Amino acid sequence: MAVPTLAADGALEECLRSLERQTFGDFEVVVIDNGGGSRELAEGNRVRVIVNARNAGFGAAVNQAWRSSQAPYVAALNDDCRADAQWVEALVQCANAHPRAGMFASQVRLSPVALDSAGMLIAADGSGKQRGHLQPPRDFSTAVEVLFPSGSAAMYRRDMLDQTGAFDETFFLYCEDVDLGLRARWAGWECLYVPGAIVEHRYSTSAGSASLLKAYYVERNRLYTILKNFPVRLLWRAPLAASARYFWHAIGIPARRGKAAEFRRQGRSALWLPWLVFRAHAAALVRLPRLLKQRRRILGSRRIPIGKFVEAMERHRIPVREVAAL
């Protein structure tokens, strides 16, 4: 169980208490301290601690737990989540019953009446968004195949992580779960949604819900993801879809809807947004040779036909207009 933390505040303490109450007891909690403040708290909760001298990012933190363990499954949990007592048990039971699945998505709730995610969807421009976001949990009570899990509360099979290389640490923050999920799909692994694996996500403010930092990394890492994973028949459409999303973001600002409007409500000029998009594209261009090398390796070792990958993407599609509105 990997729990990356930066703030190491009361939210982490609540998260660890929820893990102490699990009905399934055969697991280890690894707190990866990216901020230098969790050692004393974690030792009091009978967990192992990895302390980093600097913030290594979410994906690198989970990878540290994966590399330091021999467990057949590796779960990732945000430090601002509280897990239901049967969370681990539900995930492990599902994994044991479905050996072809390499990823397992939780029912992540914002409140008893509103979901955060029930697995993930993807837009034509590579933007990943939560399936069932803000909808009633009762509407997502059936176990089904989904594209990939939200990294906020997910479990991964070790064999899948060993095969794919786990999270891409160059992403640093955001979209690591999208990239890993697509690479796992290319490698032939499925993802199952486990409605009995319930987690409450409180959303910490360490990076801000619509901050400059988040806006930049989400856009940059979206580009990293499509350049690495999208087949040509999807890749050529991505810039057109991104342009449409930018349009709907712009429309949403005066209407006070969506993330761009939220960004503006926090007192930031809307002119920051095109600048961040430019920076993100410049960063992707600088890294293009390495991204193309990764792309050749991913597609060269794929275990499924391109058509099957495209079919899965289409089946779990979200319109870019909805992405801009969320």
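The present account deals with the structure reproduced in this document.

## A short note on the overall build of the protein
And step 1. Helix and strand content of the protein: 14 helices and 12 strands.
And step 2. Since a compact globule built from 326 residues should have a radius of gyration of about 20 Å, the 19 Å found for the protein is in line with a globular shape.
And step 3. Of the contacts made within the protein by residues no fewer than 6 positions apart, 76% connect residues no fewer than 24 positions apart.
And step 4. Carbon and sulfur atoms provide 55% of the accessible area of the protein, an area that totals close to 14600 Å².
And step 5. One finds the centroid of the 44 positive side-chain charges in the protein at a distance of 9 Å from the centroid of its 31 negative side-chain charges.

## So, the environment of V51
And step 1. Note on placement: V51 falls in strand β3 (residues 48-51).
And step 2. Distance from V51 to D33, taken between C-alpha atoms, is 4.7 Å for residues 18 residues apart in sequence.

## Here's the deal with the pattern of salt bridges
Any two side chains of opposite charge can pair, on the condition that their charged atoms come close.
And step 1. Inspection of the entire model under this criterion finds 18 salt bridges.
And step 2. Notably, a salt bridge pairs D168 with K228, separated by 2.7 Å at the nearest N-O pair. Of the two residues, D168 is situated in the loop between α5 (158-164) and α6 (176-186) and K228 in helix α7 (residues 212-229); the sequence distance between them amounts to 60 residues.
And step 3. Residue D168 is classed as buried on the basis of its relative accessible area of 9%.
And step 4. Relative accessible area serves as the criterion here: at 1%, K228 is assigned to the buried category.

## Quick notes on the pairing of strand β2 (residues 30-33)
And step 1. Across the two faces of β2 the burial is the same, with V30 and I32 and V31 and D33 all buried.
And step 2. With four bridges joining them, strand β1 (residues 2-5) and β2 adopt parallel strand pairing. If you follow T5 over to β2, its bridge partner there is D33.
And step 3. Between the parallel elements β1 and β2, the chain passes through helix α1 (residues 10-20) in a crossover that is right-handed.
And step 4. The pairing of β2 with β3 spans four bridges and is parallel.

## Points about the environment of W236
And step 1. Note on placement: W236 falls in the loop between α8 (232-235) and α9 (238-255).
And step 2. The class for W236 is exposed, based on a relative accessible area of 54%.
And step 3. Once the C-alpha coordinates of W236 and A124 are considered, the two residues, 112 residues apart in sequence, prove to be 9.9 Å apart.

## Thoughts on the nonpolar core
And step 1. One finds Y156, M160, L161, L182 and M313 to be the most contacted residues of the largest nonpolar core, which totals 59 residues.
And step 2. Looking at this core, the element that brings in the most residues is α7, giving six residues.
And step 3. Every residue in contact with L161, bar those within four places of it in the chain, is listed here: W66, V74, Y156, A166 and L180.
And step 4. Judged by nonpolar contacts, the second largest core, of 32 residues, contains V3, V29, A75 and L192.

Rules used in this analysis
Numbers given for residues are sequential positions, taken from 1 along each chain in its written order. Per-residue local features are limited, in this predicted model, to residues with pLDDT of at least 70; the limit for side-chain atom pairs, both in listing and counting, is 80 or more; totals at the level of whole chains, interfaces and linings are taken over all residues. To obtain the side-chain values, all non-hydrogen atoms of the structure were used and water was disregarded. Numbered from the N terminus, helices here are DSSP runs of H or I no shorter than four residues, and strands are runs of E no shorter than two. For the radius of gyration, the atom set is restricted to C-alpha positions; the globular benchmark scales as 2.2 Å times the number of residues to the power 0.38. For this analysis, residues touch if any pair of their heavy atoms sits within 4.5 Å. Residue-level accessible areas treat just the shown protein chains as cover; the underlying method is Shrake-Rupley with a 1.4 Å probe. Only four residue types enter the charge count, namely Lys and Arg as positive and Asp and Glu as negative; His and the chain termini do not. By convention, the point assigned to a charge is CZ for Arg, NZ for Lys, CD for Glu and CG for Asp. Note on definitions: salt bridges are taken to be side-chain nitrogens of Lys or Arg within 4 Å of carboxyl oxygens of Asp or Glu. Each residue gets one of three labels from its accessible area relative to the maximum for its type: buried under 20%, exposed over 50%, partly exposed in between, using a 1.4 Å probe on protein chains only. Strands were regarded as paired on the criterion that DSSP finds at least two bridges between them. Consider the strands pointing away from the viewer: the crossover is right-handed when the path from the first strand over the helix to the second runs clockwise. Take the buried residues of types Ala, Val, Leu, Ile, Met, Phe, Trp, Tyr and Cys, join any two whose side-chain atoms come within 4.5 Å, and each joined set is a nonpolar core.

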